[in-house]
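Topology and contacts: notes
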Amino acid sequence: RGWVEGERAQETFGWLSERGATFVCTDMPSAEDTDAPTVMPPVDAVTTDRLAYLRLHGRNARGWVKGRSVAERFGYRYDAAELEEVARRAEGLAEEADTVRVMFNNNRGDDAPAAATHLRALLQQKPAVA
């Protein structure tokens, strides 16, 4: 998280931008809920105008620190208010990037597809036809 806090943040984003690399914005437990060194703050930055990427891991602080499996660590069901927050973040990214990709990595059961379906509805998107 030191890469995206304080003075170092602009260096990080500038470095990525100079190389045409996309910064991965994240949603995960907050540092207030856990002091795990792998927790990143919810920073939204667009480092290339062609693509913004938002990866959602869920906000299961206990699972993040104590989980022994992927299902325990990323087991989380986003509620409606949290998904509205995610929608606002995605819309903000879309103001600066041509394409915004949102990936749900809360991969226990149907947590991710349920969240994605709800987010699509909030953003008034129709599912793609396979």
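A word on the side chain of E82
Along the chain, the position of E82 falls in helix α4 (residues 80-94). With a relative accessible area of 13%, E82 lands in the buried category. A polar contact is formed between the side chain of E82 and the side chain of Y76, at a distance of 2.5 Å. Excluding its chain neighbours within four sequence positions, the residues that come into contact with E82 are R59, Y76 and R77.

Topic: the pattern of salt bridges
For the coordinates displayed, the defined rule picks out nine salt bridges. The closest approach of N and O atoms between R89 and D27, which form a salt bridge, is 3.2 Å. One end of the pair, R89, is in helix α4; the other, D27, is in strand β1 (residues 24-27), with 62 residues separating them in the sequence. With respect to burial, R89 and D27 carry one shared label: buried.

Side note on α4
Here α4 is 15 residues long and its end C-alpha atoms lie 21 Å apart, about the 21 Å a rise of 1.5 Å per residue gives. Of all the residues in α4, the buried ones are E82, L83, V86, A87, R89, A90 and L93. Within α4, the buried residues cover an arc of 160 degrees as seen down the axis, which keeps them to one side. In α4, those exposed residues whose orientation departs by more than 90 degrees from the buried face are A81 and R88. Lining the buried residues of α4 we find β1, β2 (51-56), β3 (99-104) and α5 (111-122).

Looking at the packing of aromatic side chains
What the rule picks out here adds up to four aromatic pairs. With 5.1 Å between their ring centres and 80 degrees between their planes, F13 and F23 make a pair best called edge-to-face. Taken as a pair, F13 in helix α1 (residues 7-18) and F23 in the loop between α1 and β1 lie far apart in primary sequence, ten residues in all. Residue F13 shares its accessibility class with F23, and that shared class is buried.

Topic: the sheet that holds β1
Read from one edge of the open sheet, three strands run β1-β2-β3, paired in parallel fashion. Bordering the open sheet on either side are β1 and β3, each of which pairs with just one other strand. Between one strand and the next, the sheet's axes are offset by a mean angle of 20 degrees, whatever the strand orientation. Direction of pairing for β2 relative to β3: parallel, over a ladder of six bridges. Looking at β3, one finds that Y53 is bridged to R101. Sitting on the sheet, α4 touches β1, β2 and β3, and the angle it makes with β2 is about 165 degrees.

Analysis parameters
- Residues numbered from 1 in each chain as written.
- Predicted model: local features only at pLDDT ≥ 70, side-chain atom pairs only at ≥ 80, totals over all residues.
- Heavy atoms only, no water.
- Helix = DSSP H or I, 4+ residues; strand = E, 2+ residues; numbered from the N terminus.
- Buried < 20%, exposed > 50% of the residue type's maximum accessible area, 1.4 Å probe, protein only.
- Polar contact = N/O pair within 3.5 Å; in protein donor to acceptor, adjacent residues only side chain to side chain.
- Contact = heavy atoms within 4.5 Å.
- Salt bridge = Lys/Arg side-chain N within 4 Å of Asp/Glu carboxyl O.
- Expected span 1.5 Å × (residues − 1).
- Arc of directions from axis to C-beta.
- Phe/Tyr/Trp six-rings, centres within 6.5 Å; stacked < 30°, edge-to-face > 60°.
- Pairing = 2+ DSSP bridges.
- Axes fitted to C-alpha atoms, helices over the stretch in contact; angles between N-to-C directions.

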